[in-house]
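# Survey of secondary and tertiary structure
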Amino acid sequence: DVLQLILRQYASDGTNTWYTFQYSTDTGTSFYAGLNLGNTNAIQFNEGSTPSNTKQFTSGLKLDASGNPIVLYTRIPTSGTIYDAVLKKIDKTPTGGSPDLPELWEIVFSNATNNIKSSDLQLDSSDNSYVTMYDETDEDGYIAKVNTSGTLQWQVKVTNTKLYGVYLKSDTEIFVVGMTDTDRLWVAEFNDSGTIQWQNEMIGTLAFTNPASTEDSIAKIHYDNNDLYIGGNGGYNTNTF
């Protein structure tokens with residue numbers, strides 16, 4: 001077997017260092033995701049007898065106020081080939097058992113017929129999770145809020161727009177970026193109840209399109225010093241730089 005290891009996200013609270021990983025043992029056709037603590041304790045997100053061409057990959061890693069990691073990833077369930085988005089909270093303290101890093105809670109976002117892929121994760125000041133996802137088949141996007149107990153608070157569907165990134169300016173100002181089914185970059189602000197405050201679209205000389213890797217989102221969003229920063233795959237010709 002050929003081992004391919006990819007480190008995807010990193011988080012540290014000053015005491016513990018965490019990273020999510022993705023690895024393959026069969027020349028790259030099947031990938032499995034997991035979480036590692038300080039290069040000594042690891043947990044693989046096993047989903048049982050996964051089918052061939054499995055593509056499990058992580059999309060987000062955050063630490064709560066107690067240092068427990070919250071992980072967002074995409075999986076294929078054991079019963080079929082439909083993708084699900086999964087949000088897990090892991091106990092930061094190794095137990096020495098199996099698994100060594102026990103799961104505290106899990107919430108699964110699924111669709112009976114279409115692929116739901118995870119894309120981004122942010123926490124607010126109370127450690128509530130905000131998750132973006134998208135439907136690969138219908139090209140719809142979703143943003144959801146999950147509380148600290150792993151209970152869904154609300155979920156909003158954005159039709160004809162895949163959601164790829166989320167950023168919290170504050171607990172009540174939630175910025176989201178995505179791509180419409182007409183290949184336009186879409187940006188919006190939600191409040192803490194999941195209601196859109198404003199939205200806009202933009203396009204460049206080239207359409208915004210998916211990158212070669214299906215495990216990575218095409219756009220991300222960030223807010224700093226009263227400015228909103230958006231990065232996307234496409235929009236302008238490379239020879240204009």
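Structure: see above.
Report on the accompanying structure. (Residues numbered from 1 in each chain as written. Predicted model: local features only at pLDDT ≥ 70, side-chain atom pairs only at ≥ 80, totals over all residues. Heavy atoms only, no water.)

Once that is clear, we can look at unusual backbone geometry. Of note, Asp 127 is a non-glycine position whose phi angle comes to about 70°, a positive value. Positionally, Asp 127 belongs in the loop between β9 (116-123) and β10 (129-135). Within the chain, Asn 226 stands out as a residue other than glycine whose phi angle is a positive 70°. Looking at where Asn 226 falls in the secondary structure, it is placed in the loop between β17 (219-224) and β18 (227-232). (Helix = DSSP H or I, 4+ residues; strand = E, 2+ residues; numbered from the N terminus.)

In this section: the sheet that holds strand β8 (residues 103-109). Strands sit in the order β5-β6-β7-β8 across an open sheet of 4 strands; the sheet is antiparallel. Looking at which strands have only one partner, the edges of the open sheet turn out to be β5 (57-63) and β8. On average, each strand axis in the sheet is inclined to that of its neighbour by 15°, with strand direction left out of account. Here β5 pairs with strand β6 (residues 69-75) via 6 bridges, running antiparallel. Residue pairing across strands places Lys 62 opposite Ile 70, the latter belonging to β6. (Pairing = 2+ DSSP bridges. Axes fitted to C-alpha atoms, helices over the stretch in contact; angles between N-to-C directions.)

Tracing the sequence through the fold places Gly 194 in the loop between β15 (185-190) and β16 (196-202). Apart from the residues within four sequence positions on either side, Gly 194 is in contact with Trp 154 and Val 156. (Contact = heavy atoms within 4.5 Å.)

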